Amino acid sequence: MEVIKEAGIRGGGIPTEEELEQINRFAKGSLTTEEVYAFSVRLCDNEVDRDYERFRAKTLEELAPLFVGKSGIFDHQWSAQGQTARIYRTEVVREDGNLTRGGEGYCFLKGYAYMLRNEKNRDLIREIEGGIKREVSVGCAVQKKVCSICGKELQTESCPHRPGREYEGRLCVHELAEATDAYEFSFVAVPAQTRAGVMKHRTRGGESMEELEKQAELGRRYLSGLRKEAVRLGAAAEPELAVETLKSIMDKLDEPELLALSACYAKKTEERFPVAGQLPQRGKHSQSGPLDGAFMI
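Residues numbered from 1 in each chain as written. Predicted model: local features only at pLDDT ≥ 70, side-chain atom pairs only at ≥ 80, totals over all residues. Heavy atoms only, no water.

## A look at the overall build of the protein
Okay, step 1: Across its full length, the protein carries six helices and 13 strands.
Okay, step 2: The buried share among the 297 residues of the protein stands at 40%.
Okay, step 3: Contacts spanning at least 24 positions in sequence make up 75% of the contacts within the protein whose residues lie at least 6 apart.
Okay, step 4: Accessible surface, the protein as shown: approximately 17,200 Å² in total, 50% of it carbon and sulfur. (Helix = DSSP H or I, 4+ residues; strand = E, 2+ residues; numbered from the N terminus. Buried < 20%, exposed > 50% of the residue type's maximum accessible area, 1.4 Å probe, protein only. Contact = heavy atoms within 4.5 Å. Areas by Shrake-Rupley, 256 points an atom, 1.4 Å probe, with all protein chains shown as cover.)

Written out as structure tokens, the structure reads:
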């Protein structure tokens, strides 16, 4: 039986090194933290939804490994063009002291997803961070749908109870049991599960992801400045090298290497183009001539 249920997202940003290792299991190359946008998703929970259905806690545990590696798309349109994100790990989260409408301990399936930071996803990332894209829906398959009042399997047995009605003070819902497959999660407009969606303000080390993203941007600008300076010095020290070649070399280097190479190029440049002193050396008289003209204003 195919099931589609809605959930929510939490904005994220920069993955940890451990998370990046898990993400790179699904990448052909080796992605860097600068190339990846990570976020977490409340995929589905065991609360009664708008359709008067709910996942059993055990069903969420069964779904957890099935969702690893699954794609994030839009409105359940199964098209390769719509593939935007991918789930790289999941976990079932239990909230102590929080009960469902049925009086059970509340829990939800949390997915950790990533997408590439590229031109195509730029606006989507901004919409996630701005709270515009926050609801998601999951597509999965379960073996059974069971009446919470009589326990009958609705696919094979006749049940007189109607979901949403109360029988002797008990709300009738259809319980989704025995997960068999997970297909995808989709960005949607109206979720059936009211709590499902992008989860906001995930933090790491006490700092918000927004703050970490700003720090990362400053780091990228710093490295960009170092690379430009290294190219400038390299062009002066070794004019036989093409500027494009120097740029290609610098793009592969990190801060320590760039600083060391820049210092080496600066020294070479000084040796090639020594700077003449404006004042005469002690004990020597200044002589007028062509050289003086270099310092005339």
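The rest of the description comes next.
## Observations concerning the environment of F39
Okay, step 1: With respect to the element layout, F39 can be found in strand 2 (residues 36-45).
Okay, step 2: F39 gets classed as buried once you look at its relative accessible area, which sits at 0%.

## Some details on helix 2 (residues 57-67)
Okay, step 1: Every buried residue belonging to helix 2 is among T59, L60, L63, A64 and F67, and all of these are buried. Seen along its axis, helix 2 keeps its buried residues to an arc of 155°; they face one direction. In helix 2, those exposed residues whose orientation departs by more than 90 degrees from the buried face are K58 and P65.
Okay, step 2: Looking at the buried side of helix 2, the elements it contacts are strand 2, strand 3 (53-55), strand 5 (85-99), strand 6 (105-116), strand 7 (135-147) and strand 10 (174-187).
Okay, step 3: Just downstream of helix 2 lies G69, where phi reads positive at about 90°. (Arc of directions from axis to C-beta.)

## Here we look at the packing of aromatic side chains
Okay, step 1: Summed over all chains, the structure comprises four aromatic pairs.
Okay, step 2: Measuring from centroid to centroid gives 6.2 Å for Y106 and F108, while their planes differ by 35°, and the two rings are tilted. Of the two residues examined, Y106 and F108, each falls in the buried class.
Okay, step 3: In textbook terms, an aromatic cluster arises when at least three aromatic residues are bridged by ring pairs, as seen for Y88, Y112 and Y114.
Okay, step 4: Just above the ring of F108 sits the side chain of R42; from NZ or CZ to the centre is 3.9 Å.
Okay, step 5: When the ring centre of Y112 is taken as origin, the NZ or CZ atom of R89, which lies over that ring, is 3.7 Å away. (Phe/Tyr/Trp six-rings, centres within 6.5 Å; stacked < 30°, edge-to-face > 60°. Lys NZ or Arg CZ within 6 Å of the ring centre and 35° of its normal.)

## Thoughts on the nonpolar core
Okay, step 1: If you look at the biggest cluster of nonpolar residues, it comprises 28 residues, and the most contacted ones within it are F39, L43, F67 and F185.
Okay, step 2: Looking at this core, the elements that each hand over two or more residues are strand 2, helix 2, strand 5, strand 6, helix 3 (122-129), strand 7 and strand 10.
Okay, step 3: Residues contacting F185, with those up to four places away along its chain left out, are F39, V41, L43, S71, G72, I73, A85, I87, A113, V136, S137 and V138.
Okay, step 4: Residues V231, L233, L246 and M250 belong to the second largest nonpolar core, which totals ten residues. (Core = buried A, V, L, I, M, F, W, Y, C linked by side-chain atoms within 4.5 Å.)

## Topic: the confidence of the model for the protein
Okay, step 1: Per-residue pLDDT for the protein has a mean of 79; in total, 75% of the residues score no lower than 70.
Okay, step 2: Taken together, the stretch residues 196-210 has pLDDT below 50 and engages in 65 contacts with residues farther than four places along the chain or on a different chain.
Okay, step 3: Low pLDDT, under 50, characterises residues 284-297; the predicted model gives this stretch five contacts beyond four residues in sequence or across chains. (pLDDT = per-residue confidence, 0-100.)

## Here's the deal with the environment of Y183
Okay, step 1: By secondary structure assignment, the location of Y183 is in strand 10.
Okay, step 2: Under the relative-accessibility criterion, Y183 is labelled partly exposed at 24%.
Okay, step 3: A C-alpha to C-alpha distance of 9.8 Å links Y183 and G69, two positions 114 residues apart in sequence.

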